[in-house]
Amino acid sequence: MGLTPLFIGLLLFPWISAMLIAIISNIPKSLIATFSILLSLVQFIGLAYFVFQSNGNQASIHIDWFTLGDTVFRASFEASSSAQLVALLVALVAFFVQIFSSSYLKDEANLARYYLYLHLFAAAMFGLLFADQIWIFYASWELVGACSYLLISFWYQKNVAIQAAKKAFLFNRFGDIGLLIGLIGLSIHFNTMEFSGMQIGSVGPAPIAIGIALLAGAIGKSAQFPLMSWLPDAMEGPTPASALIHAATMVAAGVYLGIKIYPITGEDTHLFMAAFGAISLVSGAVFALFQNDIKKALAYSTISQLGLMWMGMGSDASLLHLVVHGIFKAGLFLSAGSVIHYLHHQKSSRHLDAQSLNQMGGLRKVLPWTALGYGVFAAGLMGLPFTNGFYSKENLAGFLWENAQNSPFYPIYWTLLACLGVGMFLSNWYISRQFYLIFLGKNRAQLDLEKPEKQDIAQHVPVLFLALFSLFFWTSTQVLHAEDSWLLHWFQIKIIDVPGFWLVITVCGWVMGITLTWLSRHWVPSKNYQFWPAFWPSIFQFIPWKARWTNIIDSLLLDRFLIWLAQLQVVTGHIIAWIDQSLVDGILVGFSTRMSQFSGQLLSKWQSGKVQQYWILVFLTFGLFLLYIWM
């Protein structure tokens with residue numbers, strides 16, 4: 001089979017899977033889960049075979065779509081090496097999430113709808129990754145957002161889920177307006193509607209205004225500062241869906257957009273992206289410390305780690321951390337799901353919040369495999385040796401270091417390096433502290449923890465496999481230095497050596513983070529603190545306030561002005577009517593009529609037909625003439 005038919009099949013298969021799930025939605029739930037998992041496995045195997053056959057090269061499809069005037073719109077798709085790598089991440093995580101969901105949601109009445117949404121999301125995500133035509137890219141971008149909305153509001157019976165879905169949808173709309181403007185600007189600047197045709201050439205890189213507009217869309221999708229507060233609320237959706245969409249893939253779409261436009265934008269746009277990433281890295285890590293909800297803490301962690309990818313500016317450093325983070329963060333969410341599922345089904349915790357850290361602690365004894373997986377994922381987030389996170393974070397530091405040596409903007413790069421050091425230290429603190437609060441120490445709610453009667457294979461297998469994918473040998477055979485492994489070579493990812501002093505900073509960050517974890521091990525935040533907490537409620541308060549003032553302005557100003565204007569028109573009409581009747585008709589028309597009558601009567605006497613009158617007029621005229629001469 002050639003690459004083109006296989007490529008088309010990969011694009012169509014998730015849509016076909018979604019239709020099949022919709023058709024068989026009435027069969028038993030266990031069969032739906034099994035069938036959906038098999039479809040996801042076929043998708044992953046097909047994609048892996050496609051990547052193997054492409055041999056590191058890109059494949060493309062260009063089909064004439066329709067013609068508008070002299071412009072031909074083509075349905076264009078291109079599988080670049082970066083798109084193939086991220087697509088593998090999406091397919092892999094989707095497969096494990098579906099396996100995990102078969103256990104986590106086995107009692108869910110609407111399981112078919114849930115799996116339908118997952119396949120629709122995969123279809124939209126593949127369209128986004130492989131789209132070369134900008135309008136297909138934009139349509140896929142919006143479909144990904146729509147699927148996110150559907151999954152956040154999956155339990156629509158809960159008002160809080162509906163509000164969270166609305167918040168996510170509206171916040172993303174703010175950014176998507178900028179994305180639309182940016183895509184239009186790109187097509188005009190490069191005179192093409194396909195990303196592959198956008199070469200710097202003679203027109204130069206895209207202007208910074210276009211780059212900022214595009215990144216505005218990415219800010220919304222990646223929940224970066226200041227549009228970051230929707231992601232923690234999005235945790236109202238099912239936990240496995242959070243692992244797929246709000247940790248590993250959808251929010252990474254904003255980073256992928258930065259990767260896509262990296263070759264066609266200038267350094268000013270790259271630095272704009274990095275600045276917002278630095279703010280999100282530090283602020284997200286700070287807010288992750290002040291969460292007592294396990295999922296919200298991971299949500300702020302995601303915001304922080306996405307900021308780290310943004311600091312890579314869309315380079316290979318961003319791409320590597322995107323994939324590495326997608327693996328260990330999906331594992332963290334699934335592990336958190338195992339903890340929540342366990343606590344929710346404990347008799348002693350039925351009336352407590354299963355997501356609160358206040359009733360956790362000591363769970364390593366009853367959930368040893370989950371604790372092991374969570375430990376590996378936390379080590380990856382900290383960037384400890386023997387994990388892929390170590391290489392991806394050090395590579396980001398090396399990227400910033402190299403640019404600091406060769407760029408006229410070197411003070412900015414040094415500032416970014418400082419922010420990276422602070423963000424990594426805070427990341428070490430909050431994730432090690434969270435691991436302690438969940439699995440170590442004593443149970444803070446004094447719960448009578450019951451050991452599971454049997455191990456839940458559907459939950460443990462995805463966690464352990466993701467933990468395996470988080471280990472170092474996928475990226476390098478060296479512990480402290482990234483070698484040119486098959487993964488890096490196959491997908492053409494450049495690795496930059498980090499200077500020795502940075503390793504010292506990294507080690508200090510590990511030590512300080514773990515030390516502060518030990519010192520703060522008895523402290524749990526009283527509530528979940530959020531970025532800009534008054535912003536979202538104020539939107540609802542602003543709307544009735546705006547309506548009231550609009551009504552006041554309308555009734556006091558606009559209505560009165562319009563009434564006065566109408567009265568003025570009536571008065572003006574009466575005046576014009578009087579002028580027309582009295583002056584125009586009375587004076588002009590009446591006077592001219594009377595003058596015509598008078599002159600007619602006067603002149604008519606000259607033509608009376610009587611000879612006597614004619615002779616009198618002759619003599620009278622002659623006499624007046626003589627009088628004129630004499631005088």
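Residues numbered from 1 in each chain as written. Predicted model: local features only at pLDDT ≥ 70, side-chain atom pairs only at ≥ 80, totals over all residues. Heavy atoms only, no water.

## Notes on the overall build of the protein chain
Secondary structure summary: the protein chain contains 21 helices and 2 strands in total. Here the protein chain holds 631 residues, and the buried ones make up 52% of them. Nonlocal contacts in the protein chain, meaning residues at least 24 apart in sequence, comprise 80% of its contacts between residues at least 6 apart. Entry remark: accessible area of the protein chain is about 29,000 Å², with carbon and sulfur atoms responsible for 69%. (Helix = DSSP H or I, 4+ residues; strand = E, 2+ residues; numbered from the N terminus. Buried < 20%, exposed > 50% of the residue type's maximum accessible area, 1.4 Å probe, protein only. Contact = heavy atoms within 4.5 Å. Areas by Shrake-Rupley, 256 points an atom, 1.4 Å probe, with all protein chains shown as cover.)

## What to know about the side chain of Ser54
Structurally, the position occupied by Ser54 is in helix α2 (residues 29–54). The residues contacting Ser54, other than those within four sequence positions of it, are Leu3 and Gln84.

## Quick word on the confidence of the model for the protein chain
Across the protein chain, the average pLDDT comes to 83, with 87% of residues at or above 70. By mean pLDDT, helix α20 (residues 535–604) is the weakest element of the protein chain at 67, and helix α16 (residues 410–439) is the strongest at 92. (pLDDT = per-residue confidence, 0-100.)

## Structural notes on the packing of aromatic side chains
As enumerated under the stated definition, the model contains 33 aromatic pairs in all. These aromatic residues form a ring-pair network of at least three members: Tyr114, Tyr115, Tyr117, Phe154 and Trp155. Geometry around Phe171 places Lys167 over its ring, the cationic atom sitting 5.9 Å from the centre. Stacked on the ring of Trp518, the Lys or Arg Arg521 has its end atom at 3.7 Å from the ring centre. (Phe/Tyr/Trp six-rings, centres within 6.5 Å; stacked < 30°, edge-to-face > 60°. Lys NZ or Arg CZ within 6 Å of the ring centre and 35° of its normal.)

## Some details on the nonpolar core
In terms of nonpolar packing, the biggest core is built from 161 residues, with Leu47, Tyr114 and Phe130 touching the most fellow members. The element that contributes the greatest number of residues to this core is helix α3 (residues 81–104), accounting for 17 residues. Apart from residues no more than four positions distant in its own chain, Leu47 is found in contact with Leu10, Ala87, Leu88, Ala91, Phe126 and Phe130. Counting 20 residues, the second-largest nonpolar core is a separate cluster that includes Leu396, Leu400, Leu416 and Leu417. (Core = buried A, V, L, I, M, F, W, Y, C linked by side-chain atoms within 4.5 Å.)

## Points about the pairing of strand β1 (residues 59–68)
In this sheet, strand β2 (residues 71–79) lies alongside β1 in antiparallel orientation, the contact comprising 9 bridges. Bridge pairing in β2 places Phe66 opposite Phe73. Linking β1 back to β2 in an antiparallel pair, the connection comprises 2 residues, with Gly69 at a positive phi of about 70°. (Pairing = 2+ DSSP bridges.)

## Looking at the environment of Leu10
In this structure, Leu10 sits in helix α1 (residues 3–23). Separated by 37 residues in sequence, Leu10 and Leu47 have C-alpha atoms that sit 6.8 Å apart. Each residue touching Leu10, except ones within four places of it in the same chain, is listed here: Gln43, Gly46, Leu47 and Phe50.

## Notes on the side chain of Ser470
Tracing the backbone through its elements, the reader meets Ser470 in the loop between α17 (457–469) and α18 (486–490). Apart from the residues within four sequence positions on either side, Ser470 is in contact with Ile327, Phe328, Val376, Phe377, Thr387 and Asn388.

## Section: the packing of helix α7 (residues 208–221) against helix α10 (residues 252–261)
Describing two packed helices takes the angle between their axes plus the distance from one axis to the other. With their axes 7 Å apart at the nearest point, α7 and α10 run at an angle of 155° to one another. As summarised for this structure, α7 and α10 are arranged roughly antiparallel, according to the angle between their axes. Taking contact as the criterion, the partners of Leu214, Leu215, Ala218 and Lys221 in α7 are, on α10, Ala253, Gly254, Leu257 and Ile261. Here the residues of the contact of α7 with α10 are counted per class, giving 6 nonpolar, 1 polar and 1 charged. (Axes fitted to C-alpha atoms, helices over the stretch in contact; angles between N-to-C directions. Parallel < 35°, antiparallel > 145°, perpendicular 65-115°, else oblique. Nonpolar A, V, L, I, M, F, W, Y, C, P; charged D, E, K, R; others polar.)

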